[in-house]
Amino acid sequence: MVRIVLGLSECSMRLEQGFTLVELMVAMVVGSIAIASAYASYEVIAKQYEKVKGVTEMQSSSRSIMRIIERDIRMAGFKWRDRKGVITYGSISAPIKITDSGNKCCDKVTVIYDYRDEASNKVERVQIRYWVADYAGSSGTRGRLFRKTDILGRNQKILPKPINGNDDVLADYVEDLQFSDGSLLRGDAMSFNKTVESKGLIAIDLILRTKKQYGLDRNYAKKDHFGGNYDINKNDAYKRQEYSSTVLIRNPL
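Just so it is clear, the structure is predicted and the values come from calculations on it, not from any experiment.

(A) Broad picture of the side chain of D150. Looking at the secondary structure, you find D150 in strand β4 (residues 140-154). Judged by relative accessible area, D150 falls into the buried class, the value being 2%. Separated by 3.1 Å, the side chains of D150 and R129 make a polar contact. Aside from chain neighbours lying at most four places away, what touches D150 is R125, V126, Q127, R129, I163, N164 and G165.

(B) Geometry of the sheet that holds strand β8 (residues 201-221). One open sheet holds the 3 strands; their spatial order is β7-β8-β9, and the pairing between them is antiparallel. Where the open sheet ends on each side, the last strands, each with one partner, are β7 (174-181) and β9 (233-248). Ignoring which end each strand starts from, the neighbouring axes of this sheet average 20 degrees apart. The pairing of β8 with β9 spans 14 bridges and is antiparallel. Looking across to β9, one finds that D205 is bridged to S244.

(C) Spatial organisation of the state of the cysteines. The tally for this structure, following the rule as stated, stands at 1 disulfide. Covalently, C105 is tied to C106 through a disulfide, its sulfur atoms 1.5 Å apart. On the S-S bond that ties C105 to C106, the torsion sits near -60 degrees, and the link is left-handed. Given a relative accessible area of 30%, C105 falls into the partly exposed group. Judged by its relative accessible area of 7%, C106 is buried.

(D) Looking closely at the environment of V169. Along the chain, V169 falls in strand β6 (residues 168-172). Judged by relative accessible area, V169 falls into the partly exposed class, the value being 46%. As for V169 and L145, which are separated by 24 residues in sequence, their C-alpha atoms are 6.0 Å apart.

(E) Looking closely at the pattern of salt bridges. Inspection of the entire model under this criterion finds 12 salt bridges. Residue K148 pairs with D167 through a salt bridge whose shortest N-O separation is 4.0 Å. Linking K148 in strand β4 with D167 in the loop between β5 (157-163) and β6, this pair joins segments that are 19 residues apart in sequence. Each of E175, R209, K234, D236 and R240 takes part in salt bridges that share partners, so that together they form one network.

(F) Structural detail: the packing of aromatic side chains. Going through the model one piece at a time under the given rule, you end up with 1 aromatic pair. Note on W131 and F146: the rings are 5.5 Å apart at their centroids and 15 degrees apart in plane angle, and the pair reads as stacked. In this pair, W131 sits in strand β3 (residues 122-137) while F146 sits in strand β4, placing the two residues 15 residues apart along the sequence. Judged by relative accessible area, which is 16%, F146 ranks as buried. Taking NZ or CZ as reference, R144 lies 3.8 Å from the ring centre of Y135, over its face. In this structure, R209 packs its charged tip against the face of Y238, placed 4.0 Å from the ring centre.

(G) Spotlight on the nonpolar core. If you look at the biggest cluster of nonpolar residues, it comprises 30 residues, and the most contacted ones within it are I69, I73, I96, L177 and F179. For this core, the leading source of residues is helix α2 (residues 21-75), giving 6 residues. Formed by 5 residues, the second largest nonpolar core is a distinct cluster that contains I207, F226, Y230 and I232.

(H) Just unusual backbone geometry, in detail. In the segment running from C105 into C106, the intervening peptide bond is cis, with an omega of 0 degrees. Here C106 lies in the loop between β1 (96-99) and β2 (108-117). Although it is not a glycine, N121 adopts a positive phi angle of roughly 60 degrees. As for its position among the elements, N121 is in the loop between β2 and β3. Residue N121 is classed as partly exposed on the basis of its relative accessible area, which comes to 49%.

Reading guide: rules and limits
- Residues numbered from 1 in each chain as written.
- Predicted model: local features only at pLDDT ≥ 70, side-chain atom pairs only at ≥ 80, totals over all residues.
- Heavy atoms only, no water.
- Helix = DSSP H or I, 4+ residues; strand = E, 2+ residues; numbered from the N terminus.
- Buried < 20%, exposed > 50% of the residue type's maximum accessible area, 1.4 Å probe, protein only.
- Polar contact = N/O pair within 3.5 Å; in protein donor to acceptor, adjacent residues only side chain to side chain.
- Contact = heavy atoms within 4.5 Å.
- Pairing = 2+ DSSP bridges.
- Axes fitted to C-alpha atoms, helices over the stretch in contact; angles between N-to-C directions.
- Disulfide = S-S within 2.5 Å.
- Salt bridge = Lys/Arg side-chain N within 4 Å of Asp/Glu carboxyl O.
- Phe/Tyr/Trp six-rings, centres within 6.5 Å; stacked < 30°, edge-to-face > 60°.
- Lys NZ or Arg CZ within 6 Å of the ring centre and 35° of its normal.
- Core = buried A, V, L, I, M, F, W, Y, C linked by side-chain atoms within 4.5 Å.

Treat this as a map of the structure, not an account of what it does.
This is the structure:
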């Protein structure tokens, strides 16, 4: 009987001894490899997610920007008439004015038209300007697109002094913004004058880039069919996208 008890005690002691040092080291190595593999996979997925997110935000922003610019250019020269057909604020001598930037970013555009607010049913003559200015941030200098609305006429009278609006930021990381004669082939340079304005067809070309750089450096050169006379040629890891549209002015000269 004593021998049986002693045998059971020795067996219990052996079971309670646990893993050996070699077994623990093997388990730690295997666990470390599994954790490292999981982290590496997560890092790859996270970088890919950030890349897709950055490109998606750029594309979504660009579409909204183009719609806003298209609407304003399409309305250039629009004159509101009252119920008797009388023009409220008179004629508009220069409904659209474009300042060519030459071989650099970016063109500027100014449009004038009568705007009716549906909520208040009030009509004002407005002047809207678009331009791109350099902005120095923590990650370097980038192009920032501004939109400004000035009120030229209110309460059926042209104001002696315009009411200046705010410089509203419309977009960030703008590489180029070009306006050209929509009747010309893409890529042709344009001298914007009354002859071109009278045709009423305006081509808009916009280039945006992502906030961050992804992957290795690559060369980017503006496509030949892209409008304007700014020859962009850069070598970096930013993702860029080109957007083009042609707008028919509602009330050309």
